[in-house]
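Architecture at a glance
Take a look at the letters that make up each chain.
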Amino acid sequence: SLVFIKTTQSKLFLNQLISLLFMLYMVAACKAVPISDLLDRASQRSDRLHSLSTMLTRELDSHFPPIGRMIMPRPAMCHTSSLQTPNDKEQALQVSESDLLSLARSLLRAWVDPLLVLSSSANTLPHPAQNSISNKIQELQEHSKNLGDGLNILSGKMGPAAQTMSLLPYRGGNDLGQDKISKLINFQFLLSCFRRDSHKIDSFLKVLRCRAAKMQPEMC
């Protein structure tokens, strides 16, 4: 019995050691990749994230109650609206690389909890395409996490300024409403906020990729 316990503990320790070594290898491998390549990958992921959120918005629109468009909160009510960001590409080109990456990371981090709310709410969403919407929300979560991991590595290569993040807490709660219309409106509103922010993240990363490739501003 004692031998069995020691053997089990040894296997557990060995597995943990292998996992740690693999993680260190992956971090080292990523650090060896040029910034331009990392930005290219991040830009591809952010593009997919924004495309997916746009598809979801259109899918929801197909059965959205007309009254919902009248009473849905304004974009200024999004929980990330307090973050000062460039309004267009021209303004983004005036912001430093580190600050742009910091903005992208701050926005992405602000959606960890709200995406969980969308994911749990999608399971009971009163919509004909509920199953498809639920699957796409899960995809959003996966792409968001993968992009976040990539941006964390990038920030480590770009210095302290890129590693700072603004806190944008979500205070909307886990319940999107009891009745059918409230659920749809609040779900659609939260998703529209995410779509807006995913567009910003994608735009910032494309500007960063453009700069890393030393392209002319008008080509960005």
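Residues numbered from 1 in each chain as written. Predicted model: local features only at pLDDT ≥ 70, side-chain atom pairs only at ≥ 80, totals over all residues. Heavy atoms only, no water.

In the annotation of an unreviewed UniProt entry, the entry for the protein reads Prolactin, and the organism field reads Amphiprion ocellaris. Under the Sequence similarities (unreviewed entry) heading, UniProt states for the protein: "Belongs to the somatotropin/prolactin family." What UniProt states about the protein under its Subcellular location (unreviewed entry) heading is, verbatim, "Secreted". (UniProt positions renumbered as here; feature names shortened; annotations may be inferred.)

**Quick word on the overall build of the protein**
If you tally the helices and strands in the protein, you get nine helices and zero strands. The secondary structure elements of the protein, listed N-terminal to C-terminal, are α-α-α-α-α-α-α-α-α. Residue burial in the protein is summarised as follows: out of 220 residues, 40% are buried. Taking contacts inside the protein between residues at least 6 apart in sequence as the whole, the part at least 24 apart equals 84%. (Helix = DSSP H or I, 4+ residues; strand = E, 2+ residues; numbered from the N terminus. Buried < 20%, exposed > 50% of the residue type's maximum accessible area, 1.4 Å probe, protein only. Contact = heavy atoms within 4.5 Å.)

**Brief notes about the packing of helix 5 (residues 97-109) against helix 9 (residues 180-212)**
Two numbers describe how helix 5 lies on helix 9: the axes approach to 9 Å, and their chain directions differ by 155°. Regarding the angle of helix 5 to helix 9, the classification is roughly antiparallel. In the packing of helix 5 onto helix 9, the handedness of the crossing is left-handed. Facing helix 5, whose interface residues are E97, L100, L101, L103, A104, L107 and L108, helix 9 presents D197, K200, I201, F204, L205, V207, L208 and R211. Tallied by class, the residues present in the contact of helix 5 with helix 9 amount to eleven nonpolar, no polar and four charged. (Axes fitted to C-alpha atoms, helices over the stretch in contact; angles between N-to-C directions. Parallel < 35°, antiparallel > 145°, perpendicular 65-115°, else oblique. Left-handed = near helix turned anticlockwise from the far one by under 90°. Nonpolar A, V, L, I, M, F, W, Y, C, P; charged D, E, K, R; others polar.)

**A few points about helix 5**
Here helix 5 spans 18 Å end to end across 13 residues, near enough to the 18 Å set by a 1.5 Å rise per residue. In terms of residue burial, helix 5 counts as a mostly covered element, since ten of its 13 residues are buried. For helix 5, the complete set of buried residues consists of S98, L100, L101, S102, L103, A104, R105, S106, L107 and L108. Tucked inside the fold, the buried residues of helix 5 contact helix 2 (35-61), helix 4 (89-92), helix 6 (112-122), helix 7 (130-158), helix 8 (160-163) and helix 9. (Expected span 1.5 Å × (residues − 1).)

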